Amino acid sequence: MPLVLAQAAAPQAPNQLLAFAPLLVLFVVFYFVMIRPQMKKQKETRAMLSALARGDEVVTSGGVAGRIEEVGDSFTTIEIAPSIKVRVQKGAITQVLPKGTLKNS
């Protein structure tokens, strides 16, 4: 009776693509949940700041609301009350209000 030796199957290395699949899926989810919305918001903010004009009613990051009197390259003069003007950086403006908002309040 011949002795039959069973060869042990060599352990196969896992597919490299399958090893990185969870990492790739995590990156794709991270991109669509975190990175893409942030880039979209930055683009909207840049467009809003470049479109500022005299007479626009705005709110700053500190919560001060006023009407734009002068627009410069990096600074803007805002009238917050009759004859009271404040000079702020353009980046501090967070929101442009609809026309007539400050007259009603």
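Overview of the structure. Please read these numbers as outputs of a predicted model, since none were measured by experiment.

Calculation criteria
Residues numbered from 1 in each chain as written. Predicted model: local features only at pLDDT ≥ 70, side-chain atom pairs only at ≥ 80, totals over all residues. Heavy atoms only, no water. Helix = DSSP H or I, 4+ residues; strand = E, 2+ residues; numbered from the N terminus. Buried < 20%, exposed > 50% of the residue type's maximum accessible area, 1.4 Å probe, protein only. Contact = heavy atoms within 4.5 Å. Areas by Shrake-Rupley, 256 points an atom, 1.4 Å probe, with all protein chains shown as cover. Phe/Tyr/Trp six-rings, centres within 6.5 Å; stacked < 30°, edge-to-face > 60°. Pairing = 2+ DSSP bridges. Axes fitted to C-alpha atoms, helices over the stretch in contact; angles between N-to-C directions. Core = buried A, V, L, I, M, F, W, Y, C linked by side-chain atoms within 4.5 Å. Expected span 1.5 Å × (residues − 1). Bend = angle between axes of the 7 residues up to and from the residue. Salt bridge = Lys/Arg side-chain N within 4 Å of Asp/Glu carboxyl O.

### Examining the overall build of the chain
Stage number 1. What the chain contains, in helices and strands, is 2 helices and 5 strands.
Stage number 2. Starting at the N terminus, the α and β elements of the chain follow one another as α-β-β-β-β-β-α.
Stage number 3. A buried classification covers 17% of the 105 residues belonging to the chain.
Stage number 4. Intrachain contacts of the chain at a sequence separation of at least 6 include 37% that bridge at least 24 residues.
Stage number 5. Accessible surface for the chain amounts to roughly 8,600 Å². Of this, 63% is attributable to carbon and sulfur atoms.

### Remarks on the packing of aromatic side chains
Stage number 1. One pass over the structure, following the stated rule, counts 1 aromatic pair.
Stage number 2. When the centroid spacing of 5.2 Å and the interplanar angle of 85 degrees are considered together, the rings of tyrosine 31 and phenylalanine 32 count as edge-to-face.
Stage number 3. Look at tyrosine 31 and you get partly exposed, because its relative accessible area is 29%.
Stage number 4. Given a relative accessible area of 49%, phenylalanine 32 falls into the partly exposed group.

### Some points on the sheet that holds strand E3 (residues 75–81)
Stage number 1. What the 5 strands build is an open sheet, ordered E4-E3-E2-E1-E5; its pairing is antiparallel. Since the sheet does not close on itself, it has two edges, and those belong to strand E4 (84–89) and strand E5 (93–97), each with one partner. Along the sheet, successive strands turn relative to each other by an average axial angle of 45 degrees, direction set aside.
Stage number 2. Bridge analysis of E3 against E4 gives 6 bridges, and the strand direction is antiparallel.

### Topic: the nonpolar core
Stage number 1. Among the nonpolar cores identified, the biggest contains 8 residues, and these are Met48, Leu49, Leu52, Val58, Ile68, Ile78, Val88 and Ile93.
Stage number 2. If sequence neighbours within four positions are ignored, isoleucine 78 has contacts with Val58, Thr60, Gly66, Arg67, Ile68, Ile84, Lys85, Val86, Val88 and Ile93.

### Remarks on helix H1 (residues 16–50)
Stage number 1. The end-to-end C-alpha distance of H1 is 48 Å, a good match for the 51 Å that 35 residues give at a rise of 1.5 Å each.
Stage number 2. By the largest-angle criterion, tyrosine 31 marks the main kink of H1, which is about 45 degrees.

### Let's talk about the environment of leucine 102
Stage number 1. With respect to the secondary-structure elements, leucine 102 resides in helix H2 (residues 101–104).
Stage number 2. For the pair leucine 102 and glycine 66, spaced 36 residues apart in the sequence, the C-alpha separation amounts to 7.4 Å.
Stage number 3. Those residues in contact with leucine 102 that sit more than four places away from it in its chain are Glu57, Ala65, Gly66, Arg67 and Leu97.

### Comments concerning the pattern of salt bridges
Stage number 1. Scanning the entire structure with this criterion turns up 3 salt bridges.
Stage number 2. Between glutamate 69 and arginine 54 there is a salt bridge whose closest N-O contact spans 3.2 Å. Of the two residues, glutamate 69 is situated in strand E2 (residues 65–71) and arginine 54 in the loop between H1 and strand E1 (57–60); the sequence distance between them amounts to 15 residues.
Stage number 3. Overall, the relative accessible area of 17% leaves glutamate 69 in the buried class.
Stage number 4. Judged by relative accessible area, arginine 54 falls into the exposed class, the value being 63%.
Stage number 5. Ionic pairing is found between lysine 99 and aspartate 56, a salt bridge with its closest N-O pair at 3.1 Å. Of the two residues, lysine 99 is situated in the loop between E5 and H2 and aspartate 56 in the loop between H1 and E1; the sequence distance between them amounts to 43 residues.
Stage number 6. Relative accessible area serves as the criterion here: at 61%, lysine 99 is assigned to the exposed category.
Stage number 7. Note on aspartate 56: relative accessible area 12%, which makes it buried.

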